[in-house]
Amino acid sequence: MIATRRQNRLFTYLDGSDHDPEEVGGKAVGLDQLIAHGYPVPPAAVLTTEAYTDTVTERSLRLLVDDLLTSSLPAPDRIAAEAAAIERTFLAAPLPDRVEAAVKRIGTDLLDDGPVAVRSSATAEDLAEASFAGQYLTITDITTTDDLMIAVRRCWASLWSPAARAYRRRHRIPETGIAMAVIVQRQVSPHWSGVAFTSDPQGREHLIRIEAVPGMGEALVSGKVTPADYLVRKDTLEVSSTSPEPQPGLVEDLARLSLRIESSFGAPQDIEWAYDDTGLCLLQMRPITTSALPTGMDDGFDTKHNPATTYTPHGVIEMLPGVVSPLLWTINAPMLENAFRATFTDLGGQNPPDDRPIVSRFRGRAALDLSAICEVAASLPGGDPAEVERQYLGRAISTTTAEKTGGIHLFSALRSRQAQKRIVDEVHLTAAAAHAISQLDIDISTLPVRKLVAYRQRIRDLAWRGYTAEVGASSAAGATYRALELLLERWLPEHEAASWAQLLSRDAMRTSALRGDRTSGLQDVLARQGTPAITRLLEESPPDLEDRIAALDNPGLAFLNALETAVRAMGSRAVYGDTSWSEDNIWIWRQLQILSKEDRSETTTPREAAESFTNLHRYLASDKKWRRIRVLTGQFVDMRARWLRRQVAETTRFLELREQAKSALLVLGGEERRIIVEASRRLAASRQLPDADFVEYLTDAELEGMLFGACGVSRHELETRREVGRACVAAGPLDDHFDGGQPGVDLREIPTGKRLPGWATSPGRARGTVRVISSLAEGVRLEKGDVLVAHATDPSWTPLFLTAGAVVLETGGPLAHAAIVAREFGLPAVLNVPQATRILTDGEHVVVDGTLGFVDREDVVSS
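Conventions we followed
- Residues numbered from 1 in each chain as written.
- Predicted model: local features only at pLDDT ≥ 70, side-chain atom pairs only at ≥ 80, totals over all residues.
- Heavy atoms only, no water.
- Helix = DSSP H or I, 4+ residues; strand = E, 2+ residues; numbered from the N terminus.
- Buried < 20%, exposed > 50% of the residue type's maximum accessible area, 1.4 Å probe, protein only.
- Areas by Shrake-Rupley, 256 points an atom, 1.4 Å probe, with all protein chains shown as cover.
- Salt bridge = Lys/Arg side-chain N within 4 Å of Asp/Glu carboxyl O.
- Pairing = 2+ DSSP bridges.
- Contact = heavy atoms within 4.5 Å.
- Axes fitted to C-alpha atoms, helices over the stretch in contact; angles between N-to-C directions.
- Core = buried A, V, L, I, M, F, W, Y, C linked by side-chain atoms within 4.5 Å.
- Polar contact = N/O pair within 3.5 Å; in protein donor to acceptor, adjacent residues only side chain to side chain.
- Expected span 1.5 Å × (residues − 1).
- Bend = angle between axes of the 7 residues up to and from the residue.
- Parallel < 35°, antiparallel > 145°, perpendicular 65-115°, else oblique.
- Left-handed = near helix turned anticlockwise from the far one by under 90°.
- Nonpolar A, V, L, I, M, F, W, Y, C, P; charged D, E, K, R; others polar.
- Phe/Tyr/Trp six-rings, centres within 6.5 Å; stacked < 30°, edge-to-face > 60°.
- Lys NZ or Arg CZ within 6 Å of the ring centre and 35° of its normal.
- pLDDT = per-residue confidence, 0-100.

## Section: the overall build of the protein
Part 1 of the argument: In terms of regular secondary structure, the protein is built from 28 helices and 22 strands.
Part 2 of the argument: Relative to its 863 residues, the protein shows a buried fraction of 54%.
Part 3 of the argument: With an accessible surface of roughly 36600 Å², the protein has 52% of that area assigned to carbon and sulfur atoms.

## Observations regarding the pattern of salt bridges
Part 1 of the argument: Summed over all chains, the structure comprises 46 salt bridges.
Part 2 of the argument: Linking Arg186 and Asp113 is a salt bridge whose minimum nitrogen-to-oxygen distance equals 2.8 Å. Here Arg186, found in strand β5 (residues 180-186), pairs with Asp113, found in the loop between α5 (97-110) and β3 (116-122); they are 73 residues apart in sequence, far enough to count as distant.
Part 3 of the argument: Look at Asp113 and you get partly exposed, because its relative accessible area is 35%.
Part 4 of the argument: With its nearest N and O atoms 3.8 Å apart, the salt bridge here joins Arg548 to Asp544.
Part 5 of the argument: Assessed through its relative accessible area of 33%, Asp544 is described here as partly exposed.
Part 6 of the argument: It is possible to trace a salt-bridge network through shared partners that takes in Arg456, Arg460, Glu672, Asp700 and Glu704.

## Observations concerning the sheet that holds strand β12 (residues 311-312)
Hydrogen bonds between backbone groups are what pair the strands of a sheet, and the pairing can be parallel or antiparallel.
Part 1 of the argument: The 3 strands are arranged β12-β14-β13 in an open sheet whose pairing can be described as antiparallel. Edge positions in the open sheet fall to β12 and β13 (359-362), since each of these has one partner strand only.
Part 2 of the argument: Pairing analysis gives 2 bridges linking β12 to strand β14 (residues 365-369), with the strands arranged antiparallel. Considered in β14, the bridge of Tyr311 is made with Asp369.
Part 3 of the argument: Helix α10 (residues 326-347) contacts β13 and β14 of the sheet and is inclined by roughly 150° relative to β13.
Part 4 of the argument: Its contacts with the sheet place helix α11 (residues 370-378) against β12 and β14, and it is angled at close to 30° to β14.

## Observations regarding the nonpolar core
For soluble globular proteins, nonpolar side chains are generally found buried alongside one another.
Part 1 of the argument: Leu320, Leu336, Tyr576 and Leu698 are the most contacted members of the largest nonpolar core, which has 55 residues in total.
Part 2 of the argument: When contributions to this core are tallied by element, the ones reaching two or more residues are α10, β14, α11, α13 (417-438), α14 (449-489), α23 (639-685) and α24 (700-707).
Part 3 of the argument: Counting residues per element, this core draws most heavily on α10, at 11 residues.
Part 4 of the argument: The next biggest cluster of nonpolar side chains, apart from the first, holds 43 residues, and it includes Leu111, Tyr136, Val152 and Ala179.

## What about the pairing of β3?
Where a strand is regular, its side chains alternate between the two sheet faces.
Part 1 of the argument: When you tally the buried positions in β3, you get 7 out of 7 residues, the bulk of the element.
Part 2 of the argument: Because side chains alternate across β3, one face comprises the buried residues Val116, Val118, Ser120 and Ala122, and the other comprises Ala117, Arg119 and Ser121, equally buried.

## Focus on the sheet that holds strand β21 (residues 845-849)
Part 1 of the argument: The strand order β15-β22-β21-β17-β18-β19-β20-β16 describes an open sheet built from 8 strands, whose pairing is mixed. The two strands at the open ends of the sheet, each matched to only one other strand, are β15 (755-757) and β16 (759-762). Between one strand axis and the next, the sheet turns by 30° as a mean value, whatever way the strands run.
Part 2 of the argument: As judged from the 3 bridges shared by β15 and strand β22 (residues 854-857), these two strands associate in the antiparallel manner. Its bridge partner lying in β22, Leu756 is registered against Val855.
Part 3 of the argument: Sheet strands in contact with helix α27 (residues 817-825) are β16, β19 (806-809) and β20 (829-831), and its direction is about 45° off that of β16.

## Describing the side chain of Thr198
Part 1 of the argument: Position of Thr198 relative to the elements: it lies in the loop between β6 (192-197) and β7 (207-214).
Part 2 of the argument: Classification of Thr198 by relative accessible area gives buried; the value is 1%.
Part 3 of the argument: A polar side-chain atom of Thr198 sits 2.7 Å from a polar atom in the side chain of Glu262.
Part 4 of the argument: Among the polar contacts made by the side chain of Thr198, one reaches the main-chain amide nitrogen of Gln269 at a distance of 2.7 Å.
Part 5 of the argument: Those residues in contact with Thr198 that lie beyond four places of it in its chain are Leu207, Ile208, Lys234, Ser258, Glu262, Ala267, Pro268, Gln269, Ile271 and Ile288.

## Observations regarding the environment of Ala228
Part 1 of the argument: Within the secondary structure, Ala228 sits in strand β8 (residues 228-233).
Part 2 of the argument: Here Ala228 falls in the buried class, since its relative accessible area comes to 17%.
Part 3 of the argument: Put simply, Ala228 and Ile210 are 18 residues apart on the chain and 8.2 Å apart in space, counted from C-alpha to C-alpha.
Part 4 of the argument: Other than its neighbours up to four places away in sequence, Ala228 contacts Ile210, Glu211, Ala212 and Ser243.

## Some points on the environment of Leu368
Part 1 of the argument: Tracing the backbone through its elements, the reader meets Leu368 in strand β14.
Part 2 of the argument: Given a relative accessible area of 0%, Leu368 falls into the buried group.
Part 3 of the argument: Placed 51 residues apart in sequence, Leu368 and Ile317 show a C-alpha to C-alpha distance of 9.2 Å.

## Here's the deal with the pairing of β19
Part 1 of the argument: Side chains of β19 alternate between two faces, with Ala806 and Val808 and Val807 and Leu809 buried alike.
Part 2 of the argument: Judged from the 4 bridges that link them, strand β18 (residues 787-790) and β19 form a sheet pairing that is parallel. Opposite Leu788, over in β19, you have Val807 as the bridge partner.
Part 3 of the argument: Pairing between β19 and β20: 2 bridges, direction parallel. Within β20, the position partnered with Val808 by the bridge is Val830.

## A few points about α10
Part 1 of the argument: The terminal C-alpha atoms of α10 lie 31 Å apart, and with 22 residues this matches the ideal 32 Å at 1.5 Å per residue to within 8%.
Part 2 of the argument: The principal kink in α10, of about 30°, is found at Asn332, preceding the proline Pro334 by one to four residues.
Part 3 of the argument: Counting buried residues in α10 gives 18 out of 22 residues, a clear majority hidden from the surface.
Part 4 of the argument: Looking at the residues trailing α10, positive phi occurs at Gly348, about 90°.

## Concerning the packing of helix α4 (residues 79-92) against helix α6 (residues 145-158)
Part 1 of the argument: In the contact formed by α4 and α6, the axes pass within 9 Å of each other and the chain directions differ by 135°. With respect to α6, the axis of α4 lies oblique. Like other packed secondary-structure pairs, α4 and α6 cross with a definite hand, here right-handed. Here Ile86, Glu87, Phe90 and Leu91 of α4 come into contact with α6, specifically with Ile150, Arg153, Arg154, Trp156 and Ala157.
Part 2 of the argument: Taken together, the residues that form the contact of α4 with α6 break down as 6 nonpolar, no polar and 3 charged.

## Observations concerning the packing of aromatic side chains
Part 1 of the argument: Going through the model one piece at a time under the given rule, you end up with 7 aromatic pairs.
Part 2 of the argument: A centroid spacing of 5.9 Å and a plane angle of 90° characterise the contact between Phe11 and Tyr13, whose relative ring orientation is edge-to-face.
Part 3 of the argument: Relative accessible area serves as the criterion here: at 6%, Phe11 is assigned to the buried category.
Part 4 of the argument: On the basis of relative accessible area, Tyr13 is assigned to the buried category, the value being 4%.
Part 5 of the argument: Seen from their ring centres, Phe340 and Phe344 are 6.1 Å apart, and the 50° between their planes marks the pair as tilted. Placement of both Phe340 and Phe344 in helix α10 is noted, with a separation of 4 residues, approximately one turn of the helix.
Part 6 of the argument: Connected via pairs of aromatic rings, a cluster forms that spans Tyr311, Phe362 and Phe738.
Part 7 of the argument: One Lys or Arg, Arg573, reaches over the ring of Trp581 and ends 6.0 Å from the middle of that ring.
Part 8 of the argument: Above the ring of Phe854, the side-chain terminus of Arg755 is found at 3.6 Å from the ring centroid.

## Observations regarding the confidence of the model for the protein
Part 1 of the argument: With 84% of its residues at a pLDDT of 70 or more, the protein has an overall mean of 81.
Part 2 of the argument: Under a pLDDT of 50 for its full length, residues 126-134 has, in the predicted model, 31 contacts with residues more than four places off or in other chains.
Part 3 of the argument: With pLDDT under 50 throughout, residues 219-224 is counted as low confidence; its partners more than four residues away or in other chains account for 11 contacts.

## So, unusual backbone geometry
Part 1 of the argument: Of note, Asp18 is a non-glycine position whose phi angle comes to about 65°, a positive value.
Part 2 of the argument: For Asp18, a relative accessible area of 70% corresponds to the exposed category.
Part 3 of the argument: For Gln835, which is not glycine, the phi dihedral falls at a positive 60°.
Part 4 of the argument: Tracing the backbone through its elements, the reader meets Gln835 in the loop between β20 and α28 (836-839).

Structure representation (structure tokens):
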């Protein structure tokens, strides 16, 4: 018996005296609050978080936890083995003497009255935004102190299980500093047990949902059994169910108890209950975990604004373009966040705290914490935040860093050979894996849900590496490209150095015929399977084009089969897991029609690319200063030319690697998309989703949970999320940069003259008719030679570059995807032209100078 309440820093008893959640964890606090309000709770003691932290200072446990904090999650077929290994380590580690004494004291007080149950109470548990239901271990039928010692260790080990770590990372809950208290509670022997939701989680707030199973309720909480389900009206206590009542009057009693608890705590609660010979008792209480209610232009998944922070969409708008749905956001944001942090770690920089995301979301659109990135730069020796601002925005905006300081480029540390080799290896590995997966042709419609989710996890594991490879390759490309510019600036004015850097990288990349791997794949199909008859049909473009090609018998069928394989290998159009090219192939046929008419003689040859470098060398050699340095240094062979040629090759290599990494990630995304489509089909067929298209408005965790039978999201909430998304689309892009308040419109002065200045990103000069395009679907209005004017582009817009004569964008710089593709295709491009889509109008005539960086409006009279 417990005669008096005894407490020290290692253990305490729950008696309603307002315990600290950092001491006893979230679950124990919920029980303590129930006791304080007079609700029936079995006697319970808590081994505090200090007992846990004392124990994990032991060397083997400290090394284990440190390793798990930095390691990736295991493959699905290794999850059980890793969980068992973690548990073995905890069981083998000795308990500190005072912790062992605390466990024995609890056992002495509670075990005399019968068996006890051991339950987790972590500091990151029973949160309003994440319940952790079923993630940690509960152990029942403990009858001896020795068994209690083992159960406590096993409970602690479950804090670091692969499932718990995956759950925390999915919900972006920081793992550093977490700890676990352990509840030791007198065990009841219930006839019935279950859970009660004081408000139905599916959005019907006038209903109480009660779930019940015979005996112990652990199987229900962990999802191993299907419960009897009861819905009770709050106003009348009328019960609706297809199941018989477990005990006369029990459901009504539970409903009344639920109403009292909701009233006591002022918010809907999720209650775990049991019913034995003595009546009802409560074993757990936590807030109901549903997404924040969508309001205005926030669907519940946007980032909380930090007033002291500056954000920008630049640097992420191509990876996560436009309004990003809840599903794509919760899939991609954690991977991209990890990629940025891994890259900053490679740089030797100091990452921001875990609770300050680098990748943020406002009005449904992605943005980067520019202040955090500048802080990373400042943490590096010689780092220059102003250089970071110029890299992302084209100019410095901070008053303290507005002038050039001569600091290093943020990513210059990635120019080390070791770092570069790691990036190259990672890109090649990801690309090879993506290619192999695209060739598997697995019929996922036949996979049971367990194997479908396991296959998805394998793809996702590769995608985590793919994002890191892309961000690393992009960073290395930025470092090497900036190094090329700086090398040229030794002998040329800044604007000339920038123009030559663009010209040299353009010709080198056009020689590679990379074209993002996508256009080149279609070119291969035309080259290998195209016949004169197929080419003629493509040029004529009849309404029944595909049927006409199929009617060509063997040649036509071989062409269509090769095309299907090539399109599947292209994967998602723009974002990992987004719509694939296979789902909407109108642009595939438009590309084929354009490519069938393309003059391949226009492709830059290696000889022509070499001539560009020769012209530069000749231009430099005509300079007196250049010749004088060569004479003074006694260079028989001009070593500067060799350095320059090597730098051009290195820059081109990483630009190509960046595009390869991006392409590989989208190939993996196409495979994930197939799984998402199959999952949505199953959920719609089982009526868990009102329509398969609603899958975009689920979160990643909600989708996976529903596949295994978890309660879904109400139709009302899904429709609300959809309406919020539409409002975000209508609101338009985020500002160029904005502080922690609500993002507004671009307040920079709108140029009204004849010439619009911008950032020269692809050399050349072209005259054409303006077409303002806001989406890929609008691209059908673009005619051959038109000037493509848009806010931004992403990889899915590549087909438009085959038609355009020049490109003008409101965002981006020399290494933007649009700039790279424009240089590959030989198109003049001017980027970072403020308000271009508002100033320029369809049909007006302009001259785009991608060498000097301006757009001249021919129809505007000079003032």
